[in-house]
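Chain residues, written in single-letter form:
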Amino acid sequence: MKSELSLPRKELVARLESYGIIRSPSVKKAMETVPREEFLPEEFQSRAYLDQPLPIGEGQTISAPHMVAIISEKLDLKKGMNVLEIGTGFGYNAAIVAEIIGEEGHLYSIERISSLAEVAKKNLKLTGYDKRVTVIVGDGTKGLPAHAPFSRIYVTAGAPDIPESLKNQLEIGGKLIIPVGSSNYNQELIIIDKIGENKFKSKKLGGVAFVPLIGEYGW
C-alpha cells in the first residue's frame, strides 16, 4: 500500500523540479507517489527525503533521489515497456520505474545478494509494485536473455566497461544507462541508444559515484 504524499517528499520533488532534474509529469508523479522510507532500513527512514545515498547493508547503498530521477528522465520511460534493472538493492529505483511503466509494463530486476533481494521483494509487495516487478537473484552482468529484448536497461553499479551481453539484449530503438569507470566510486554515467542491428551511439551524462558492478562481465 502506497503511503500518502508526505510534506518532506513533496518538498524534495519540488526542489528537484526547480533544479531542472525532474522535467516530465510521469517522473514527477512517480517520485511523489513512491514512499522512499519504505525502501530503507528502519534506522535511516527519518532521512528518506534528504537527497543523498544511504546504506542498506552488505556494503550497498540506495541511490540519492536526484540520481533516480536523472536515470528515469534519461531513459524516457513509457507505459507498457519491458525493462531490465541490474542491481535491485532494496527496490526503490524499481518501484519508481514500475510506477512510470504502469500495469501494462514489466520490470525484471537482477540482484546478486540474496538477502537484499528478499528485502526488496517484501518492500515491493508492501508498496503494491510486486505484480509489475520480478526480482531475480543472479549475475546481472549477463542480463536476462529469457525475457529479452528490453526497451530499456539500466545498471545501478559501476562497470569497467559496457557488457556486450546487455547491449545485445536491447531492442532496436532501446536505451541503456550504465556507470562506467573505476571500481572506487568514480565513474561516468553513459547512455547508449541502439540505432540498428549492432549499431549504437553513446553519450556521457556526467560523473557519478556508484558501488562496483560485480559479475562475469564486471569487476
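Here, every reference points to the structure presented above.
Calculation rules
Residues numbered from 1 in each chain as written. Predicted model: local features only at pLDDT ≥ 70, side-chain atom pairs only at ≥ 80, totals over all residues. Heavy atoms only, no water. Helix = DSSP H or I, 4+ residues; strand = E, 2+ residues; numbered from the N terminus. Buried < 20%, exposed > 50% of the residue type's maximum accessible area, 1.4 Å probe, protein only. Lys, Arg positive; Asp, Glu negative; His and termini not counted. Salt bridge = Lys/Arg side-chain N within 4 Å of Asp/Glu carboxyl O. Polar contact = N/O pair within 3.5 Å; in protein donor to acceptor, adjacent residues only side chain to side chain. Contact = heavy atoms within 4.5 Å. Expected span 1.5 Å × (residues − 1). Arc of directions from axis to C-beta.

Remarks on the side chain of Glu-85
Then, number 1: Position of Glu-85 relative to the elements: it lies in strand β3 (residues 82-86).
Then, number 2: Buried charged residue Glu-85 carries no salt bridge. Nearest counter-charge: Arg-36, at 12 Å.
Then, number 3: Within the structure, Glu-85 has its side chain in polar contact with the backbone nitrogen of Ala-94 (distance 3.4 Å).
Then, number 4: Apart from the residues within four sequence positions on either side, Glu-85 is in contact with Asn-93, Ala-94, Leu-107, Tyr-108, Ser-109, Ile-110 and Tyr-154.

Quick look at the environment of Pro-25
Then, number 1: By secondary structure assignment, the location of Pro-25 is in helix α2 (residues 25-33).
Then, number 2: Spatially, the C-alpha atom of Pro-25 lies 9.8 Å from that of Ile-100, the residues being 75 residues apart in sequence.

Structural notes on the environment of Ala-98
Then, number 1: Within the secondary structure layout, Ala-98 lies in helix α4 (residues 92-101).
Then, number 2: On a C-alpha basis, the gap between Ala-98 and Ala-120 in space is 13 Å, while along the polypeptide they are 22 residues apart.
Then, number 3: Contacts of Ala-98, omitting those with residues within four sequence positions, involve Tyr-129, Arg-132 and Val-133.

Observations concerning helix α1 (residues 7-18)
Then, number 1: Helix length check: α1 (12 residues) gives 16 Å between terminal C-alpha atoms against 16 Å at 1.5 Å per residue, within 8%.
Then, number 2: All of the buried residues along α1 are Arg-9, Leu-12, Val-13 and Leu-16. Buried residues of α1, viewed axially, fall in a sector of 95°; they line one side. Away from its buried face, by an angle of more than 90 degrees, α1 presents the exposed residues Leu-7 and Ser-18.
Then, number 3: The elements touched by buried residues of α1 are α2 and α3 (65-75).
Then, number 4: The N-terminus of α1 is capped by Ser-6, whose side-chain oxygen sits 3.3 Å from the backbone nitrogen of Arg-9.
Then, number 5: Of the residues one or two after α1, Gly-20 is the one with positive phi, at around 85°.

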